[in-house]
Amino acid sequence: MATKIDKDACREAYNLVRDDNTETNWAAFKYEGSTIVPAGHGTDYEEFKSHCTDDARLFGFVRFTTGDAMSKRAKFTLITWIGENVSGLQRAKISTDKTLVKDVVQNFAKEFMISERRELEEDYIRDELKKAGGANYDAQAE
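Residues numbered from 1 in each chain as written. Predicted model: local features only at pLDDT ≥ 70, side-chain atom pairs only at ≥ 80, totals over all residues. Heavy atoms only, no water.

Draft legend 1. The arrangement of the environment of Lys-110 in detail. Position of Lys-110 relative to the elements: it lies in strand E6 (residues 110–114). Assessed through its relative accessible area of 25%, Lys-110 is described here as partly exposed. As a C-alpha pair, Lys-110 and Ala-132 span 22 residues in sequence and 7.0 Å in three-dimensional space. Residues in contact with Lys-110, not counting those within four places in the same chain, are Phe-76, Thr-77, Leu-78, Glu-128, Leu-129 and Ala-132. (Helix = DSSP H or I, 4+ residues; strand = E, 2+ residues; numbered from the N terminus. Buried < 20%, exposed > 50% of the residue type's maximum accessible area, 1.4 Å probe, protein only. Contact = heavy atoms within 4.5 Å.)

Written out as structure tokens, the structure reads:
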């Protein structure tokens with residue numbers, strides 16, 4: 001059966017993360033049967049990580065604040081999580097299903113495909129976003 005996405009519900013969660021006037025900094029999208037639906041949203045990255053279990057496959061849209069002492073800015077990332085117990089067929093399908101998610105989640109600085117918990121660590125994601133951001137003028141880092 002072909003995968004579908006609840007575009008309206010997913011777009012609403014996506015917009016909450018993008019909105020500078022909310023504290024919401026993550027939204028997760030999961031499979032409910034053959035439909036991708038919002039799995040939740042919140043303000044605590046650890047809460048997002050709790051959705052990333054060994055049996056889950058999901059997509060996350062996460063906001064991180066990056067920058068240096070002179071300039072702070074929001075950077076967004078799309079995380080595809082595939083738990084280690086997810087079957088081979090479901091692993092293969094997630095790559096094509098991601099195009100449905102990208103119809104909703106359109107603006108992000110970096111994309112991650114993750115299946116190991118250590119790669120979900122906030123410092124790792126931040127470092128990768130910093131690298132993707134180009135020039136780093138943070139004088140305190142020297």
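Draft legend 2. Fine view of the sheet that holds strand E5 (residues 72–82). The sheet built from 6 strands is open, its strands ordered E1-E3-E2-E4-E5-E6 with mixed pairing. The open sheet has two edge strands with one neighbour each: strand E1 (4–5) and E6. Here 5 bridges tie strand E2 (residues 26–32) to strand E4 (residues 57–67), and the two strands are oriented antiparallel to one another. By the bridge assignment for E4, Ala-28 is matched with Gly-60. Contacts from helix H4 (residues 122–132) reach E4, E5 and E6 within the one sheet, and its direction differs from that of E6 by about 145°. (Pairing = 2+ DSSP bridges. Axes fitted to C-alpha atoms, helices over the stretch in contact; angles between N-to-C directions.)

Draft legend 3. Summary view of the pairing of strand E3 (residues 35–42). One ladder, built from 2 bridges, connects E1 with E3; its direction is parallel. Among the inter-strand pairings, Ile-5 is bridged to a residue of E3, identified as Ile-36.

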